[in-house]
Amino acid sequence: MPADRIRVKVGGRDLELSNLDKVLYPDAGFTKGEVIDYYTRVAPVLLPHLRDRPLTRIRYPNGVQDKSFFEKNKPAATPDWVRVETLPAPGSTKGRETIDYVVADDLPTLVWLANLAALELHTPQWRVGHHPDMLVVDLDPGAPAGLAECCEVAVLMRDRLADDGIASYPKTSGKKGMQLCCPIAGAQSADDVSAYARRVAQELERAEPKRITAKMAKKLRPGKVFIDWSQNNAAKTTVSPYSLRAVGVPAVSTPLTWDEVQAGARGRRPAVRPFIAAEVLARVDEYGDLMADLLDGGPPVPAASG
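Everything in this summary refers to the structure shown in the same document. For clarity, every value in this text was computed on a predicted model and none was experimentally measured.

Glancing now at the nonpolar core. In this structure, Tyr38 and Tyr39 are the most contacted members of the largest nonpolar core, which totals 74 residues. The leading source of residues in this core is helix 1 (residues 32-50), at 10 residues. With residues near it in sequence (within four places) discarded, tyrosine 39 still touches Leu46, Leu110, Ala114, Ala118, Leu119, Leu121, Tyr242, Ser243 and Leu244.

Now the structure itself:
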């Protein structure tokens, strides 16, 4: 076996890991071995959020400053023990009728993907064979607005959703914005969920037109927070909680407490900011999974015309 490859046993599966010293985050000197270590250690809180969801990966084989590629279909030489689900692919840019998705239900699969430099993990709002069980509100700030403004809008959105009995759990995107993830009943189509999210976003835009836009046009975003209700389209995915992001340092899409978000909205420092892998592991030790309740389900969303 080449010197840059080692064999390990993970969860009863034999894996071959390679190039562990390759630096994938040059600004931080963060190596592929450290990526694998992070995903191994965060797996107890990450895997429940990946379970039963078809996984889209963004791979960076030569690091975050080099070329990347989206991967939905299973890679060549996928081990036979990896769960694969063949699902329809409407609107595929490659003309496919179906895609063979990887589903990361266990630690061996997660480590195998990390070894392929699958740094970013993205999932839809639905589980295989089911309607959406999660509503996602993506908060995207237009400069000079930033995370502080996202926090302000997140609190407004939390309170508005609570009026309809819908709980929301905040996280950083790992880049410049935030997301709220909301458990719902899994009894309605993605179109129904998306229509409701759009209605609420438009309500907040009308109430706070100087701070909020619910319109897609980028020219309307400077200085405002765009509430992207379209994330609930069945064909879209959202970065998973605890996923790494491909920025200069190993930043993570990090679950937050509402106390942190409210402090961020008041401009307190330090408050909400991008967190890196080591910090997230320390937060998991302190808080556990701040999004654990997201997995317990919630109410149906009100009709969009309600």
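Counted according to the given criterion, the structure contains two aromatic pairs. Judged by centre distance (5.8 Å) and plane angle (80 degrees), the ring pair of tyrosine 25 and phenylalanine 30 falls under edge-to-face. We classify phenylalanine 30 as buried; its relative accessible area is 13%. Its end group placed over the ring of tryptophan 258, arginine 158 keeps NZ or CZ at 4.7 Å from the ring centre. The lysine or arginine in question, arginine 283, covers the ring of phenylalanine 275, its NZ or CZ lying 4.4 Å from the ring centre.

Now for the pattern of salt bridges. Two side chains of opposite charge can pair, provided their charged atoms sit close to one another. Throughout the structure, instances matching the rule amount to 23 salt bridges. The shortest N-O distance in the salt bridge between aspartate 52 and arginine 83 comes to 2.7 Å. Linking aspartate 52 in the loop between helix 1 and strand 5 (56-59) with arginine 83 in the loop between strand 6 (69-71) and strand 7 (84-88), this pair joins segments that are 31 residues apart in sequence. With relative accessibility at 27%, the residue aspartate 52 sits in the partly exposed group. In this structure, arginine 211 engages glutamate 152 in a salt bridge whose closest nitrogen and oxygen atoms are separated by 3.1 Å. Of this pair, arginine 211 sits in the loop between helix 4 (190-207) and strand 13 (212-213) while glutamate 152 is found in helix 3 (residues 147-163), placing the two residues 59 residues apart along the sequence. Given the relative accessible area of 25%, glutamate 152 is considered partly exposed. Taken together, the shared-partner salt bridges in this structure form one network comprising Asp52, Arg83, Glu85 and Asp105.

What counts as what
Residues numbered from 1 in each chain as written. Predicted model: local features only at pLDDT ≥ 70, side-chain atom pairs only at ≥ 80, totals over all residues. Heavy atoms only, no water. Core = buried A, V, L, I, M, F, W, Y, C linked by side-chain atoms within 4.5 Å. Buried < 20%, exposed > 50% of the residue type's maximum accessible area, 1.4 Å probe, protein only. Helix = DSSP H or I, 4+ residues; strand = E, 2+ residues; numbered from the N terminus. Contact = heavy atoms within 4.5 Å. Phe/Tyr/Trp six-rings, centres within 6.5 Å; stacked < 30°, edge-to-face > 60°. Lys NZ or Arg CZ within 6 Å of the ring centre and 35° of its normal. Salt bridge = Lys/Arg side-chain N within 4 Å of Asp/Glu carboxyl O.

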